[in-house]
Amino acid sequence: MSLYDDAVLVLKSYEDQEELRQAYLDHLAAHPNGMWKACTAGHITASALVIDPEHDRVLLTLHKKLRMWLQMGGHCEPQDATLEAAALREATEESGIAALELLPGGPVRLDRHPIPPPCHCHFDVQYAAVAAPGAVQEISDESLDLRWFAYEEVAGVADESVVRLLEATRARL
């Protein structure tokens, strides 16, 4: 099964955000290359909000280009067999934490957002991952900083999309 096929199956089984979910499926139907960065009409991305083992803090990255505190995530790569694998790879690369486990139940939420040209938007499929006890984060080349934030601190540092992802993650926990 291709990553494209996996994305369609994941989105078809996602039971929330009906209108946005359908927009993702319509985009993929109209753009067979809609999984890849080369699709300038927009493309699917995969991200994961990293949660500490005690479930009271999240790890955010200060994105180098956007200069915003965000969850870990990014573009799908040819070696990604599934959207879950892409989200886990991105979270691992950007957090430096090898022992991450995605929350069961598939994506936590979807978030479509504009990005600078040449592309127009990211169709982000958002997961949540729990770090193993004793896990130590390590900043990547894609980040200016990497920091744990208590749940109540997130709204003060991150935008509404991260706050909504945290709310959906807490509901899933």
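> What should I look at first to understand the overall build of the protein chain in this one?
Along the backbone of the protein chain there are five helices and eight strands. Moving toward the C terminus, one meets the helices and strands of the protein chain in the order α-α-β-β-β-β-α-β-β-β-β-α-α. The C-alpha radius of gyration of the protein chain comes to 15 Å, within 12% of the 16 Å expected for a compact globule of 173 residues. Projected onto the principal axes, the alpha-carbon positions of the protein chain cover approximately 45 × 30 × 30 Å. Put simply, 67% of the contacts in the protein chain that link residues at least 6 apart link residues at least 24 apart. Total accessible area computed for the protein chain in this model is approximately 8,500 Å², and 53% of it derives from carbon and sulfur atoms.

> How should the pairing of strand β2 (residues 57–63) be read in this particular structure?
Working note: regular strand, side chains alternate between the two faces of the sheet. Among the seven residues that make up β2, five are buried, leaving the element largely enclosed by the rest of the structure. Two strands pair when backbone bridges link them, and strand β1 (residues 43–51) and β2 are joined in this way by two bridges, in the antiparallel orientation. Across the sheet, residue Val50 finds its bridge partner in β2, namely Leu59. Following β1, the chain reverses through five residues before pairing antiparallel with β2; His55 in that reversal takes a positive phi of roughly 65 degrees.

> How should I be thinking about the side chain of Asp80 in this particular structure?
Along the chain, Asp80 turns up in the loop between β4 (72–75) and α3 (83–95). We classify Asp80 as buried; its relative accessible area is 5%. Within the structure, the side chain of Asp80 is placed 2.8 Å from the side chain of Arg89, a separation counted as a polar contact. Those residues in contact with Asp80 that lie beyond four places of it in its chain are Leu3, His75, Ala85, Ala86 and Arg89.

> Whenever I open this one, the packing of aromatic side chains confuses me. Can you help?
In this description, an aromatic ring pair is defined by two values, namely the gap between the centres and the angle between the planes. Scanning all chains against the criterion turns up two aromatic pairs. Note on Tyr24 and Phe123: the rings are 5.1 Å apart at their centroids and 90 degrees apart in plane angle, and the pair reads as edge-to-face. Placement of the pair is Tyr24 in helix α2 (residues 18–30) and Phe123 in strand β7 (residues 121–131), with a sequence separation of 99 residues. Taking relative accessible area as the criterion, Tyr24 reaches 0% and is therefore assigned buried. Judged by relative accessible area, which is 5%, Phe123 ranks as buried. Measuring from centroid to centroid gives 5.0 Å for Trp69 and Phe149, while their planes differ by 75 degrees, and the two rings are edge-to-face. In this pair, Trp69 sits in strand β3 (residues 69–70) while Phe149 sits in strand β8 (residues 143–150), placing the two residues 80 residues apart along the sequence. The two residues Trp69 and Phe149 agree in class, both being buried.

> Sorry, what's going on with the side chain of His27 here?
Turning to its location among the elements, His27 is positioned in helix α2. His27 sits in the buried class, given a relative accessible area of 7%. Ignoring sequence-local partners within four residues, the contact set of His27 consists of Gly34, Cys39, Ala41, Gly42, His43 and Phe123.

> When you look at the nonpolar core in this model, what are you seeing that I'm missing?
Among soluble globular proteins, nonpolar side chains are generally buried collectively. Ranked by internal contacts, the top residues of the largest apolar core, which has 34 residues, are Tyr24, Met35, Ile44, Val50, Leu83, Val125 and Tyr127. Elements with a minimum of two residues in this core: α1 (3–13), α2, β1, α3, β5 (100–102), β7 and β8. Looking at which element gives the most residues to this core, the answer is β7, with six residues. Residues in contact with Ile44, not counting those within four places in the same chain, are Tyr24, Leu28, Gly34, Met35, Cys76, Leu83, Phe123 and Val125. Core analysis: the second largest hydrophobic core is formed by 19 residues, Leu49, Leu70, Leu103 and Tyr151 among them.

Rules and cut-offs
Residues numbered from 1 in each chain as written. Predicted model: local features only at pLDDT ≥ 70, side-chain atom pairs only at ≥ 80, totals over all residues. Heavy atoms only, no water. Helix = DSSP H or I, 4+ residues; strand = E, 2+ residues; numbered from the N terminus. Rg over C-alpha atoms; globule rule 2.2 N^0.38 Å. Contact = heavy atoms within 4.5 Å. Areas by Shrake-Rupley, 256 points an atom, 1.4 Å probe, with all protein chains shown as cover. Buried < 20%, exposed > 50% of the residue type's maximum accessible area, 1.4 Å probe, protein only. Pairing = 2+ DSSP bridges. Polar contact = N/O pair within 3.5 Å; in protein donor to acceptor, adjacent residues only side chain to side chain. Phe/Tyr/Trp six-rings, centres within 6.5 Å; stacked < 30°, edge-to-face > 60°. Core = buried A, V, L, I, M, F, W, Y, C linked by side-chain atoms within 4.5 Å.

Such coordinate-based values are descriptive only and should not be taken to indicate function.
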